[in-house]
Amino acid sequence: MKNLKNLVYLFPLVLIGCSKGDFRESKTFAGGKIVSASTLNLGQATYTEYCVSCHGVKGDGQGTSAKGMYPPPRNFTQGIYKFANVVSGELPHDEDFARIIKHGLNGTPMLPWDITGEKLDAVIQYIKTFAPQTWEGSDKVLGTKFELPADPFGDVYRHQAIEKGRKAYHITAACTQCHRGYEVKEDISKFNQEINKVPLKPEEFAEDLYTLKLQDGDYNYKVVPPDFTFHPLRSITDVPSIVQRLMYGVNGSGMPGWKDVVSDEDLWAIAYYVQYLREMKDTPARYELINKIENQK
Ligand code: HEC
Ligand code: HEC
């Protein structure tokens, strides 16, 4: 009798156990995308095979390998993402997820995954199910994408682009609000003279000009604005990919989008300058630059 009673209690649990994540119905996601139950089930199996150890069974980023990981794996229940090429705060397209999963995020434990075709599509759909409030419903819309503006410089005028970018980075866009400065104060003052017609007084330089200013962001951990001459960049491969990142920003990290805030020409110029800084990594030029900055009066 006692056993029978236990069974009565266990029975619903067993049922829930079996059906957990076992999709029986299709779902409609942002952009009107209808996804079948079998795709969601394939996505779940793919996720369990490749992603669960970091992103967790519940998609909350608390997988068994996630402990102490920095940056921590994304918590998919938040429904926010950093590196989609859409206006900050709007929803990624499937092609954004596909790019991120296939290329990984440089310098993090999120490696490039060799998942293609049906499985890739399925796992993308499955991770949306962790944030139903964000994804489910035919009223949800996908994010706005911009065309990549034409490169006004090209390889021939790369040097001019870097010189223009140097100034825009430190003055017009003031990227040093978060990232570090890479020029001595005497030169930054000259840039200001050129752009704003006045030199900078010594007291006008921020004390933390040459440090990285940690950002709170929306992901419950401090986000480091990278030093371009040192840190690997997550989503960057070449100059156009830097322009794209600048246009959209890094959603939820504090890094804003700059499209229409600075001119398209400045966007490209800054991107060439950031690429020039990246190429300094592990070269004597980097140590010369750091020394020059440390030894300035
Ligand atoms: C070894 C740990 C690990 C595994 C396994 C892993 N990831 Fe990640 N993933 C991360 C980390 C860490 C981040 C956060 C990187 C950051 O914030 O810069 C991340 C971020 C993401 C993001 C967010 C991208 C954005 O723009 O915000 C997506 C989507 C993602 N992972 C999908 C997957 C999928 C799908 C799989 C399985 C195919 C997977 N990950 C496997 C560690 C992992
Ligand atoms: C309000 C703070 C803030 C400002 C202003 C800012 N950034 Fe960032 N930026 C960040 C943070 C934080 C990250 C790191 C995001 C992450 O990895 O989660 C970042 C990341 C980046 C990245 C790397 C993206 C990647 O894929 O890893 C580039 C490139 C970048 N910033 C360039 C710039 C440039 C150029 C400017 C000025 C036009 C600028 N940022 C202004 C905070 C800022």
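For clarity, every value in this text was computed on a predicted model and none was experimentally measured.

Here is what the cut-offs are and how they apply
All chains use their own residue numbering, which begins from 1 and follows the written sequence. A letter from A marks each chain and a number from 1 marks each ligand, given out in the order of writing. This being a predicted model, a pLDDT of at least 70 is required before a residue's local features are given, and a value of 80 or more before pairs of side-chain atoms are given or counted; all residues contribute to the totals for chains, interfaces and linings. To get the side-chain values, take all heavy atoms of the structure and skip hydrogens and water. Only nitrogen, oxygen and sulfur atoms qualify as donors, provided they sit within 2.8 Å of the metal or within 3.2 Å for Na, K and Ca; with water excluded from the atoms, sites may seem incomplete. In this scheme the shape depends on donor count and angles: four donors with every angle between 85 and 135 degrees give tetrahedral, four or six donors with opposite pairs above 155 degrees and others between 65 and 115 give square planar or octahedral in turn, and any other case is irregular. Starting at the N terminus, helices and strands are each numbered in turn, a helix being any DSSP run of H or I of at least four residues and a strand any DSSP run of E of at least two. Using a 1.4 Å probe on the protein chains alone, a residue whose accessible area is under 20% of its type maximum counts as buried, one over 50% counts as exposed, and one in between counts as partly exposed. For each residue, the test is whether any non-hydrogen atom lies within 4 Å of the molecule or strand; if one does, the residue is near. Definition of a polar contact: a pair of N or O atoms within 3.5 Å, with one able to donate and the other able to accept a hydrogen when the atoms are protein atoms, and with sequence-neighbouring residues admitted only if both atoms are side-chain atoms. In this analysis, the protein atoms alone were mapped onto a 1 Å grid. Cavities are point sets where a 1.4 Å probe fits without being able to get out; pockets are open sets with protein on both sides within 12 Å along at least five of seven lines; lining residues have an atom within 4 Å of a point. More than half of a molecule's atoms lying within 2 Å of a cavity's or pocket's grid points is what places that molecule inside it. For the purposes of this description, domain bounds are those given by an automatic or database domain assignment. Contact definition: two residues touch when any of their heavy atoms are within 4.5 Å. As used here, buried area is the combined drop in accessible area, with a 1.4 Å probe, of two parts when they are placed together. What makes a salt bridge here is a side-chain nitrogen of Lys or Arg within 4 Å of a carboxyl oxygen of Asp or Glu, nothing more. When residues are grouped by polarity, Ala, Val, Leu, Ile, Met, Phe, Trp, Tyr, Cys and Pro land in nonpolar, Asp, Glu, Lys and Arg in charged, and all others, Gly among them, in polar.

**Q** What's the story with the coordination of the iron atom of ligand 2 in this structure? I'm lost.
**A** The textbook angles at a metal center are 109.5 degrees for a tetrahedron of four donors and 90 or 180 degrees for an octahedron of six. At the metal site, the iron atom of ligand 2 is ligated by His179 (NE2) and Met255 (SD), and these contacts range over 2.0 to 2.1 Å. Around the iron atom of ligand 2 sit 6 donor atoms; with metal-centred angles ranging over 84 to 179°, the donor geometry is octahedral. Of this pair, His179 sits in the loop between α7 (158–172) and α8 (185–196) while Met255 is found in the loop between α9 (239–248) and α10 (264–278), placing the two residues 76 residues apart along the sequence. Met255 carries the same exposure label as His179, and that label is buried.

**Q** What's the story with the coordination of the iron atom of ligand 1 in this structure? I'm lost.
**A** Looking at the iron atom of ligand 1, one finds its protein donor set to be His55 (NE2) and Met110 (SD), positioned 2.0 to 2.2 Å from the metal centre. One way to put it: the 6 donor atoms around the iron atom of ligand 1 meet at angles of 86 to 178°, and that makes the site octahedral. On the criterion of sequence distance, the pair formed by His55 in helix α3 (residues 52–55) and Met110 in the loop between α4 (94–103) and α5 (117–128) is long-range, its members being 55 residues apart. Exposure class is identical for His55 and Met110. Each is buried.

**Q** Please clarify how the site of ligand 1 should be interpreted in this entry.
**A** The environment of ligand 1 is made up of 26 residues, and the closest members are Cys51, Cys54, His55, Lys82 and Met110. Contact between ligand 1 and Lys82: an oxygen atom at 2.7 Å from a main-chain N or O atom of the residue. Tyr221 places a side-chain nitrogen or oxygen 3.5 Å from an oxygen atom of ligand 1. Placement of ligand 1 is best described as lying within the second largest pocket.

**Q** Please clarify how the domain arrangement of the protein should be interpreted in this entry.
**A** Quoted interface sizes are often the accessible area lost when the parts come together. Looking at the assigned domains, one finds that the protein contains domain 1 (2–135) and domain 2 (155–294). The gap between the C-alpha centroids of domain 1 and domain 2 is 35 Å. Contact residues are listed per partner, giving 20 residues for domain 1 and 18 residues for domain 2. Carbon and sulfur atoms supply 52% of the area that domain 1 and domain 2 bury against each other, a total of about 1,700 Å² over both sides. Counting the surface domain 1 buries against domain 2, the share from its top three residues, Lys82, Phe83 and Asn85, is 33%. For the pair domain 1 and domain 2, the interface holds 0 salt bridges. Inspection of the region where domain 1 meets domain 2 yields 11 residue pairs in polar contact (both at pLDDT 80 or more). Its residues assigned to classes, the side of domain 1 that touches domain 2 comprises 10 nonpolar, 8 polar and 2 charged.

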